Amino acid sequence: MRSITPHTQPAPIVLTESELEKISKLIYQRAGIVLTAQKRDMVYNRLTRRLRELNLKSFEDYTDRLVANPGCDEWQVFINALTTNLTSFFREAYHFPTLARHAQSRNGMYNVWCAAASTGEEPWSIAMTLEETLGRSITGPRVLATDIDTDVLEKASLGVYRLSDIDNLTEQQKRTWFLRGTGEHQNRVKIKSELRSTVQFRQLNLIDAQWDIPAPFDAIFCRNVMIYFDQNTQEKLLQRFAKMLKPGGLLFVGHSEHFQNLTSPFRLLGQSVYRLGDQKP
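Counting restarts for each chain, with residues numbered from 1 along the sequence as it is written. Only residues with pLDDT of at least 70 get local features here, since the model is predicted, and only at 80 or more are side-chain atom pairs given and counted; chain-wide, interface and lining totals rely on the full set of residues. Excluding hydrogens and water, the side-chain values take into account all heavy atoms of the structure.

1. Re helix α1 (residues 17–31)
Here is step 1 of the chain: A helix here means a DSSP run of H or I that spans at least four residues, while a strand means a run of E at least two residues long, and both kinds are numbered starting from the N terminus. What a helix should span is 1.5 Å times the count of its residues minus one. Taking 1.5 Å of rise per residue, 15 residues should cover 21 Å, and α1 covers 21 Å from first to last C-alpha, within 8% of that figure.
Here is step 2 of the chain: The buried label goes to any residue with under 20% of its type's maximum accessible area, the exposed label to any with over 50%, and the partly exposed label to all in between, with areas taken from a 1.4 Å probe on protein chains only. Taken residue by residue, α1 has E19, L20, I23, S24, L26, I27 and A31 as its buried positions. The buried residues of α1 occupy one face: seen down the axis, they fall within an arc of 165 degrees. Along α1, the residues that are exposed and aim more than 90 degrees away from the buried face are E17, S18 and E21. For this quantity, the arc is that covered by the directions from the helix axis to the C-beta atoms.

2. Things to note about helix α4 (residues 74–82)
Here is step 1 of the chain: The element α4 is extensively covered by neighbouring structure, given that seven of its nine residues are classed as buried.
Here is step 2 of the chain: Among the residues of α4, E74, W75, F78, I79, N80, A81 and L82 are the ones counted as buried.
Here is step 3 of the chain: Contacts are residue-level and defined by heavy atoms, with any inter-residue pair within 4.5 Å sufficient. Considering only its buried residues, α4 is in contact with α1, α2 (40–53), α3 (59–68) and α7 (150–158).

3. Examining the side chain of E19
Here is step 1 of the chain: Tracing the chain through its elements places E19 in helix α1.
Here is step 2 of the chain: Of the polar contacts made by the side chain of E19, one reaches the backbone nitrogen of E60; its length is 3.2 Å.
Here is step 3 of the chain: Not counting the four nearest positions on each side in its chain, E19 is found in contact with V14, S58, F59 and E60. Any pair of nitrogen or oxygen atoms within 3.5 Å is treated as a polar contact; in protein, a donor-acceptor pairing is required on top of that, and neighbouring residues in sequence qualify only through side-chain atoms on both sides.

4. Overview of the side chain of E257
Here is step 1 of the chain: By the secondary structure assignment, E257 is in the loop between β8 (245–252) and β9 (266–268).
Here is step 2 of the chain: The charge count treats Lys and Arg as positive and Asp and Glu as negative. His and the chain ends do not count. We define a salt bridge as a side-chain nitrogen of Lys or Arg found within 4 Å of a carboxyl oxygen belonging to Asp or Glu. It turns out E257 is buried and unbridged, and the closest side chain with the opposite charge, R223, is 7.7 Å from it.
Here is step 3 of the chain: Looking at E257, its side chain comes within polar contact range of the main-chain nitrogen of N224, at 3.0 Å.
Here is step 4 of the chain: At 3.0 Å, the side chain of E257 forms a polar contact with the backbone nitrogen of V225.
Here is step 5 of the chain: Leave out the neighbours within four places in its chain, and E257 touches C222, R223, N224, V225, M226, I227 and Y274.

5. A few points about the layout of surface pockets
Here is step 1 of the chain: Space inside and on the surface of the protein is sampled on a 1 Å grid over the protein atoms alone, with a cavity defined as a set of points where a 1.4 Å probe fits but cannot get out and a pocket as an open set with protein on both sides within 12 Å along at least 5 of 7 lines; lining residues have an atom within 4 Å of a point. Grid points are joined across faces, edges and corners, and a volume is the space filled by probe spheres set on the points. In this structure, the largest pocket spans a volume of roughly 550 Å³.
Here is step 2 of the chain: Lining the largest pocket are 32 residues, and of these T84, A116, N224, V225 and Y228 lie nearest its centre.
Here is step 3 of the chain: A breakdown of the residues in the lining of the largest pocket according to their chemical character gives 17 nonpolar, ten polar and five charged. Under the scheme applied here, ten amino acids are nonpolar (Ala, Val, Leu, Ile, Met, Phe, Trp, Tyr, Cys and Pro), four are charged (Asp, Glu, Lys and Arg), and all others, including Gly, are polar.

6. Considering the nonpolar core
Here is step 1 of the chain: Ranked by internal contacts, the top residues of the largest apolar core, which has 50 residues, are L47, F78, W113, L206 and F241.
Here is step 2 of the chain: Secondary structure elements with two or more residues in this core: α1, α2, α3, α4, β7 (217–221), α10 (231–243), β8 and β10 (273–276).
Here is step 3 of the chain: Leave out the neighbours within four places in its chain, and W113 touches L144, T146, L204, L206, W211, I213, F217, A219, I220, F221, F241 and M244.
Here is step 4 of the chain: Only buried residues count toward a nonpolar core, which is a set of Ala, Val, Leu, Ile, Met, Phe, Trp, Tyr and Cys residues joined through side-chain atoms within 4.5 Å. Core analysis: the second largest hydrophobic core is formed by 31 residues, L99, V112, A127 and F178 among them.

7. Quick notes on the pairing of strand β5 (residues 188–191)
Here is step 1 of the chain: Covered by surrounding structure in β5 are V189 and I191 only, the residues R188 and K190 on the alternate face being uncovered.
Here is step 2 of the chain: Two elements, strand β3 (residues 160–162) and β5, share three bridges in a ladder whose sense is antiparallel. Within the sheet, the bridge partner assigned to R162 lies in β5 and is R188.
Here is step 3 of the chain: Note on pairing: DSSP must find at least two bridges between two strands before they are called paired. Examined bridge by bridge, strand β4 (residues 178–180) and β5 share three bridges and lie antiparallel to one another. In the strand pairing of β5, F178 is matched with I191.

8. With respect to the sheet that holds β9
Here is step 1 of the chain: Strands sit in the order β6-β2-β1-β7-β8-β10-β9 across an open sheet of seven strands; the sheet is mixed. Two strands lie at the open edges of the sheet, namely β6 (199–203) and β9, each paired on one side alone. Sheet twist, expressed as the average angle between the axes of neighbouring strands with direction ignored, equals 20 degrees.
Here is step 2 of the chain: Pairing analysis gives three bridges linking strand β1 (residues 112–114) to β7, with the strands arranged parallel. To obtain each axis, a line is fitted to C-alpha atoms, and for helices this fit is confined to the stretch in contact; angles are then taken between N-to-C directions over 0 to 180 degrees.

9. What to know about the packing of helix α5 (residues 95–105) against helix α6 (residues 121–134)
Here is step 1 of the chain: Here α5 crosses α6 at 45 degrees, and the two axes come no closer than 10 Å. Classified by the interaxial angle, the pair formed by α5 and α6 is oblique. Regarding α5 and α6, the two cross each other, and that crossing is right-handed. Contacts between α5 and α6 pair F96, L99, A100, A103 and Q104 from the former with S125, I126, T129, L130, T133 and L134 from the latter. For classification purposes, an angle smaller than 35 degrees is called roughly parallel, one larger than 145 roughly antiparallel, one from 65 to 115 roughly perpendicular, and anything else oblique. Crossings are assigned a handedness: left-handed for a near helix turned anticlockwise from the far helix by less than a right angle, right-handed for a clockwise turn.

As structure tokens, then:
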């Protein structure tokens, strides 16, 4: 009788306190992200699969590999794994009428930097707002969309989404800005080329010493990002954002992000929108 070799399960990987501390230190150094002990399960779930792909037996083996190879591609995989991407079209919708009014009040070119593009819904929403407010762009991109995560940027640049992702858009917006898939792709939509030409995607780490981007901008969207940074990093970013804005420019942040207690050149305009200095929009 033929014997059957039992299937052996891989040995469980344990995340120790010291390993979590090391991971937290490395992601802070590279991306400015603060990981608290409450994020332990998230860290474990997101990195365990990668450890198994690399045939590593511990998180210490993984962090040792990163430290030993400071310029290796695995650092980007590490950052991508620990970056949170939650977005939707016209999320925090009250920001977009403010953007439209500000764009109408400015003379000449109007440019926006979306500093946390994620999978693209936010920069496309900004682009739609500007196209509907100012008319079709004939001068190229109006929106620079950046993110630290290369995986989400790849999806964003493709501009392909589930049909259900655009449920909250008007019928006019759906017809104007999206192509409906057919056949096996009937539940997918794609951003039309006219809108795609108004957004430029680029990888950027907000805590890098230099930002090689074409400032100044009329507005910056950096929503639901700085909550992952400590106060020192937040203050530094606010100072740097101010230098990237034109006089009277706007900074849009997430609804839970408040900076009144920080040293900042911005003044609260309302509903998590800040204006550079005291100038009128």
